[in-house]
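Single-letter residue listing:
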Amino acid sequence: MTEDQPILEVRDVSLQFGGVRALSDVSFSVGRGALFAIIGPNGAGKTSMMNCISGRYTPTKGRVVFKGRDVTDLKPNQRAERGIGRTFQNLALFGHMSVLDNIMVGRHHLLKNNFLTGALYWIGGAQKEELAHRRTVEDIIDFLEITHIRKAMAGTLSYGLRKRVELARAVALKPDLILLDEPMAGMNLEEKEDMARFIIDLNEEWGMSVIMIEHDMGVVMDISHRVAVLDFGQKIAEGLPDEIMSNPRVKTAYLGEDDDDAPGTGGREVA
Ligand SMILES: Nc1ncnc2c1ncn2[C@@H]1O[C@H](COP(=O)(O)OP(=O)(O)OP(=O)(O)O)[C@@H](O)[C@H]1O
Ligand SMILES: [Mg+2]
């Protein structure tokens, strides 16, 4: 792919669950190196969109193009191998495993040497590979400031720390594009600030393109380069954070039909 080619293109994606139309002809593209946010009220289709990008769901209609290649028919693991990483809206860690092991699991499929080939030349390739593998994991642990809990069972950690470990596991795949579904949900202010900083660093220093769904409008407006707004499965706006903030259609979606200036009245929860 060329420099100015988007890392991701979503083309006319629709997704139907029985009678429910979760997404209707949604299109957008995410530039290489962008920090792109998807916002919208509850049930707008945000998680469904992430699932169409990660491969958990196959769109009923439309295409998903990643790094210039159509990945619509690929399975989640095939998309992960091509460089799409993700975290989940609800935590998905192994509670009885250590933080370190949880993160190692994330990288497992990257190991070229499996048990059998490894047995043939374990002194050479496999051992070196394992070492490099561990080093990467340690770098990530260091970067996300979870060194002090690396041996702790994931299940015993606070919610904020578990979210951070989950991010570490996704980052461990070294994806080119990382999908974050509400990375700061349920966090206190300090945890949110830490998470925002990690996301900015991932984007700026590690060069990962990011698509983030986030409830906290302050965070979204602060850190994203570009924002798309979904409402009832349709994209109702896309633009720079300032443009989105002043967009009348967006205000209406959040506040309900009567567009008065009393936030939260008669509307759905801001997401
Ligand atoms: N697996 C499913 N089966 C049936 N309907 C679903 C499924 N997943 C989502 N939906 C429906 O699709 C619509 C969009 O849901 P989705 O979870 O994508 O919204 P969301 O924007 O992520 O909402 P939230 O902010 O609450 O997380 C909703 O009407 C939801 O009930
Ligand atoms: Mg959701």
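Provided above is the structure to which this section pertains.
Computed from a predicted structure; not experimentally measured. (Residues numbered from 1 in each chain as written. Chains lettered and ligands numbered in written order. Predicted model: local features only at pLDDT ≥ 70, side-chain atom pairs only at ≥ 80, totals over all residues. Heavy atoms only, no water.)

Caption draft 1: Region of the structure containing the sheet that holds strand 10 (residues 234-239). The strand order across the open sheet formed by six strands is 6-7-8-3-9-10, and the pairing between neighbours is mixed. The open sheet has two edge strands, strand 6 (84-86) and strand 10, and neither has a second partner. The average undirected angle you get between the axes of adjacent strands in this sheet is 20°. Relative to strand 10, strand 9 (residues 226-231) is paired through five bridges, and the arrangement is antiparallel. Paired with Ala-228 across the two strands is Glu-238, which belongs to strand 10. Across the sheet, helix 7 (residues 189-204) is in contact with strand 3 (35-39), strand 7 (177-181) and strand 8 (209-213); its angle to strand 8 comes to roughly 150°. Lying on the sheet, helix 10 (residues 248-255) is in contact with strand 3, strand 9 and strand 10; it crosses strand 10 at an angle near 130°. (Pairing = 2+ DSSP bridges. Helix = DSSP H or I, 4+ residues; strand = E, 2+ residues; numbered from the N terminus. Axes fitted to C-alpha atoms, helices over the stretch in contact; angles between N-to-C directions. Contact = heavy atoms within 4.5 Å.)

Caption draft 2: Broad picture of the side chain of Asn-102. Tracing the backbone shows Asn-102 in helix 3 (residues 99-107). The buried category is assigned to Asn-102, whose relative accessible area is 0%. Setting aside anything within four residues of it in sequence, one finds Asn-102 in contact with Leu-93, Phe-94, Met-97, Ala-154, Val-165 and Arg-169. (Buried < 20%, exposed > 50% of the residue type's maximum accessible area, 1.4 Å probe, protein only.)

Caption draft 3: Fine view of unusual backbone geometry. One non-glycine residue, Asp-25, lies in positive phi territory at about 45°. We note that Lys-67 has phi near 50°; this positive angle belongs to a residue other than glycine. By the element assignment, Lys-67 lies in the loop between strand 4 (61-66) and strand 5 (69-70).

Caption draft 4: Highlighting the site of ligand 1. Within the structure, ligand 1 sits among 14 residues, and Gly-43, Gly-45, Lys-46, Thr-47 and Ser-48 are positioned closest to it. Residue Lys-46 places a side-chain N or O atom 2.8 Å away from an oxygen atom belonging to ligand 1. Out of a free accessible area of 630 Å², ligand 1 has 63% covered by protein chains. Contributions of two or more residues to the shell around ligand 1 are made by strand 2 (20-30) and helix 1 (46-54). Here the shell around ligand 1 is composed, by residue class, of six nonpolar, six polar and two charged. (Near = heavy atom within 4 Å. Polar contact = N/O pair within 3.5 Å; in protein donor to acceptor, adjacent residues only side chain to side chain. Areas by Shrake-Rupley, 256 points an atom, 1.4 Å probe, with all protein chains shown as cover. Nonpolar A, V, L, I, M, F, W, Y, C, P; charged D, E, K, R; others polar.)

Caption draft 5: Molecular detail of the pairing of strand 8. The buried count for strand 8 comes to five of five residues, which makes it a mostly enclosed element. Both faces of strand 8 are covered, namely the face carrying Ser-209, Ile-211 and Ile-213 and the face carrying Val-210 and Met-212. Bridge analysis of strand 3 against strand 8 gives four bridges, and the strand direction is parallel. Residue pairing for strand 8: Phe-36 is matched across the bridge by Ile-211. When strand 7 meets strand 8, the two strands line up parallel, connected through five bridges. Opposite Asp-181, over in strand 8, you have Ile-213 as the bridge partner. Handedness of the crossover joining strand 7 and strand 8 through helix 7: right-handed. (Right-handed = clockwise from strand over helix to strand, strands pointing away.)

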